[in-house]
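# Report on the structure
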Amino acid sequence: MKWPAKYWIPGFAIAVFVATEVTLRLAFGLGTPVLIQADPQTGYRFKPNQKVLRFGKKVEYNQYSQRSEPITPQKPSGKLRILMTGDSVLNGGNPTDQSQTITALFKAKLAASGKNAEILNASAGSWGIGNQLGYLREFGTFNADAVILQIGTHDLTQPKSNSANVDNHPAYPTQAPLLAIGDAWTRYLWPALAGKLGLNSLGADFSASPTSQDPDKQYQQNMQLLKEIVKLVRSKNIPVFVLFTPNREDLIPKPSVPKYKSEFLRLLLSLQVPIIDSHQAWSTLPPTKVETYFRDQVHLNVAGNGAIALELFGQLCQSRQLPACAPDRGNPSPGSR
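What you see is a predicted model, and the numbers here were worked out from it, not measured in a lab.

For the pair helix α3 (residues 102-112) and helix α10 (residues 302-318), interaxial distance at closest approach is 8 Å and the crossing angle is 50°. If you check the angle between α3 and α10, you find them oblique. With respect to the hand of their crossing, α3 and α10 are arranged in right-handed fashion. Of the residues in α10, those touching α3 at Ile102, Leu105, Phe106, Lys109 and Leu110 are Val302, Asn305, Gly306, Ile308, Ala309, Leu310, Leu312, Phe313, Leu316 and Cys317. A per-class count over the contact of α3 with α10 returns 12 nonpolar, 2 polar and 1 charged.

Locating Thr174 in the fold gives a position in the loop between β7 (146-152) and α5 (180-197). A relative accessible area of 18% places Thr174 in the buried class. Linking Thr174 and Arg187, residues 13 residues apart in sequence, is a C-alpha distance of 14 Å. Apart from residues no more than four positions distant in its own chain, Thr174 is found in contact with Leu35, Ile36, Lys47, Val166 and Asp167. Polar contacts involving the side chain of Thr174 include one to the side chain of Asp167, which spans 2.7 Å.

With that out of the way, let us pick up unusual backbone geometry. That bond from Ile252 to Pro253 is cis: its omega, 10°, falls within 30 degrees of zero. Residues other than glycine seldom take positive phi values, yet Ser126 does so here, at roughly 70°. By secondary structure assignment, the location of Ser126 is in the loop between β6 (117-123) and α4 (129-139). A positive phi angle, close to 60°, is found at Asn237, a residue other than glycine. Secondary-structure assignment places Asn237 in the loop between α6 (215-234) and β8 (240-245). You can call Asn237 exposed: its relative accessible area is 73%.

For the rest of this paragraph, the subject is the pairing of β8. A regular strand places its side chains so that they alternate between the two faces of the sheet. Most of β8 sits out of view: 6 of its 6 residues are buried. Neither face of β8 is open: one carries Val240, Val242 and Phe244, the other Phe241, Leu243 and Thr245, and all of them are buried. Relative to β8, β7 is paired through 6 bridges, and the arrangement is parallel. Bridge assignment links Val147 to a residue of β8, and that residue is Val240. Pairing geometry for β8 and strand β9 (residues 275-277), over 3 bridges, is parallel.

Conventions and cut-offs
- Residues numbered from 1 in each chain as written.
- Predicted model: local features only at pLDDT ≥ 70, side-chain atom pairs only at ≥ 80, totals over all residues.
- Heavy atoms only, no water.
- Axes fitted to C-alpha atoms, helices over the stretch in contact; angles between N-to-C directions.
- Helix = DSSP H or I, 4+ residues; strand = E, 2+ residues; numbered from the N terminus.
- Parallel < 35°, antiparallel > 145°, perpendicular 65-115°, else oblique.
- Left-handed = near helix turned anticlockwise from the far one by under 90°.
- Contact = heavy atoms within 4.5 Å.
- Nonpolar A, V, L, I, M, F, W, Y, C, P; charged D, E, K, R; others polar.
- Buried < 20%, exposed > 50% of the residue type's maximum accessible area, 1.4 Å probe, protein only.
- Polar contact = N/O pair within 3.5 Å; in protein donor to acceptor, adjacent residues only side chain to side chain.
- Pairing = 2+ DSSP bridges.

By themselves, these are just geometric observations and shouldn't be taken as functional.
Take a look at the structure:
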């Protein structure tokens, strides 16, 4: 029996629609984005207790909105706990698997040296120094053995991000879309098409970090916020460190010193806050090597994350800036194998 065209044409269209929807969900993880929530202290943060698979990458957030496994409020006996705060560079975003973030790779190096460690990753895209302070005020320091602040070149003059984008930008959803097809269109396809056509588009990834009309004034305000973070952490008798991460243009085509960095280093020196300076470390490398660390102008790829983790382990643990993470004598360090 032959079906009339008026039946098989819509039937074929429905079949294609269903097949596309199922494929986008099962093969790409679309339809189940990582969800955001507005927050008065942090501006916004990831909703707690999420675990999704997005483009084949595992993304997990614990009960404290950290890109880390669930933890207990108090540090378990005999376990090293380091709390790291930062922006999308530390977080890694959807393109980075949970096992390939800076914190996960640092934890792996510690495990290889015999340390049972938790490296907590409290971060979100476009967070500034003010957002990091908000997180520490809201959640505390988790009885950590150390707190490491990831601060990038752009963070020096970035205002605190607010919740304006939450539910108003495709990268800041508070609930899952009805369809994976809709997720693909609003989050990726339309922004890409609009960009090619020169139309105004919100963009597929986290929107650009907020900028200040007066960078000098914003820098000074941010340094006051930094001082508040240092004071808060040290009030708990916890050492605090800064991990400084560069933008690609700070190193390629040739190394240059970003504006405000020299002043920033002088402030850290006066506060006696040790710095793990990946900008300085990478300035001695060939540009062709440094190029392999970035996936865009700001964000690192897995190789870059690994290089940062190696810097953290080398300076904090092998050089004993943080004695609690020094390699056990009976275990060789990861770099010596």
